[in-house]
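Each chain, written out:
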Amino acid sequence: MPKTDLSVVATNACGWPNLCELENGDLICTYFNAPSHGLLEGDLVCSIQKSEQKKWVKAGIVSQRPANGNRMHLAVGMAQNRDLLCFSSGFLLKDQKFVGFAGKWLSRSSDGGLSWTEHQNPNIPKKLRSTIPFGRVISVGNSTLAYACYRSQGRGKASESWVCFSHDDGWTWDNYYKLGNNDSNEVALCALSETTLLAAVRTHVDHHVKICEFSCKTKRWVEKGAVTLPMQHPADLIKVGRNCLLLTYGLRNRGLMGLAARISLDEGKTWLPPWTIHQCGPKANDLGYPSTVSTDKKGNVLTAFYTDHEPLCKPNPSKYRVLVKKWNLFEWMSSETQKIVEDGM
């Protein structure tokens, strides 16, 4: 198995991290800073790893919790003018129980995440104000941004999700489209072109990931099929070459707890068999939510994730942590597949 290179972004943080690479090569990781699956008060914060350095340094508070509440959900990305944007939501709490929705806000940073301006009443469609953001804010062409959000109907019940668009660099969000009539929960967006989006979508009944495709011309989502088994979720989806896509996702099956990846060489039409790229061992109970960036044309990749148990973090492996794993795509590929990916980079 290829070697493992882990760095610790934060300890005592449940996470749900989002990893972005800035234009100067710095990395910024945004995450929930409390050691609980949302049942404790906490903020969304970010840490920065400077280019060519290994240490993560706490930067700013992205979204500050209200009284008796938290900010735990996020969708993060860059505007066309290179500002960082973060949609967030959270819950009001009493005795470590959810007692209300704490609002959907939008934060913006113009200095690489060091300071943030928070808008608690962003200009978004009324129907989406009580939805939960997830994944990335992405660019679609040179003038459009998109993000995804969902609404859960309760444990074991089908969820519904939407993708919403902005045409003024994130100041107003108007057009939005539902992802079909079937079960759709957390959505990771990827722009294939100026007119086509692909989405890796978690379902909420049996928690597998499916691929959906959106045409900006027809304004329709089409489901393309499942890419993981049940309890393998949620996913991140990025381009790693002209026609090549990388899917990373959590393994939450008992005995497999960790992270996995799949490669598509034809823009998501077909997928190669999965790789298990990291395992946290049988003592892990809560983990996943990978967020991945490709850092160069040599196959080097960084994946942020969280776990409540990491055997490599000694002497106290059983703590909530946000971690970043450095790995190389090409170490998992045949020489033929590697050449196809390299030719498209």
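In the block above lies the structure referred to throughout.
Since we're looking at a predicted model, the values are computed, not measured. (Residues numbered from 1 in each chain as written. Predicted model: local features only at pLDDT ≥ 70, side-chain atom pairs only at ≥ 80, totals over all residues. Heavy atoms only, no water.)

On to the pairing of strand β2 (residues 15-21), then. Of all seven residues making up β2, six are buried, and the element is well covered by its neighbours. Bridge count for β2 against strand β3 (residues 27-32) is five bridges, and the pairing is antiparallel. Each residue of the ladder has a partner; that of Leu-19, found in β3, is Cys-29. Here β2 hands over to β3 after five residues, with Gly-25 in that stretch at a positive phi of 90°. (Buried < 20%, exposed > 50% of the residue type's maximum accessible area, 1.4 Å probe, protein only. Helix = DSSP H or I, 4+ residues; strand = E, 2+ residues; numbered from the N terminus. Pairing = 2+ DSSP bridges.)

With that settled, consider the sheet that holds strand β11 (residues 144-151). Pairing is mixed in the open sheet, where eight strands are placed in the order β9-β8-β7-β6-β10-β11-β12-β13. Looking at the sheet topology across the chains shown, the edges are occupied by β9 (117-119) and β13 (176-178). Strand-to-strand, the axes of this sheet are offset by a mean angle of 20°, without reference to chain direction. (Axes fitted to C-alpha atoms, helices over the stretch in contact; angles between N-to-C directions.)

Within the structure shown, the criterion is met by 12 salt bridges. When the shortest N-O distance is used, the salt bridge between Asp-236 and Arg-136 registers 2.7 Å. Here Asp-236 is found in strand β18 (residues 232-239), whereas its partner Arg-136 is found in strand β10 (residues 132-140), with 100 residues between them in sequence. Given the relative accessible area of 12%, Arg-136 is considered buried. Asp-286 is the salt-bridge partner of Arg-252, the closest N and O atoms lying 3.6 Å from each other. (Salt bridge = Lys/Arg side-chain N within 4 Å of Asp/Glu carboxyl O.)

Next up on the list: the environment of Asn-81. Along the polypeptide, Asn-81 turns up in the loop between β6 (73-78) and β7 (84-93). In this structure the C-alpha to C-alpha distance between Asn-81 and Cys-190, which are 109 residues apart in sequence, comes to 19 Å. Beyond its immediate stretch of four places on either side in the chain, Asn-81 contacts Arg-108 and Asp-169. (Contact = heavy atoms within 4.5 Å.)

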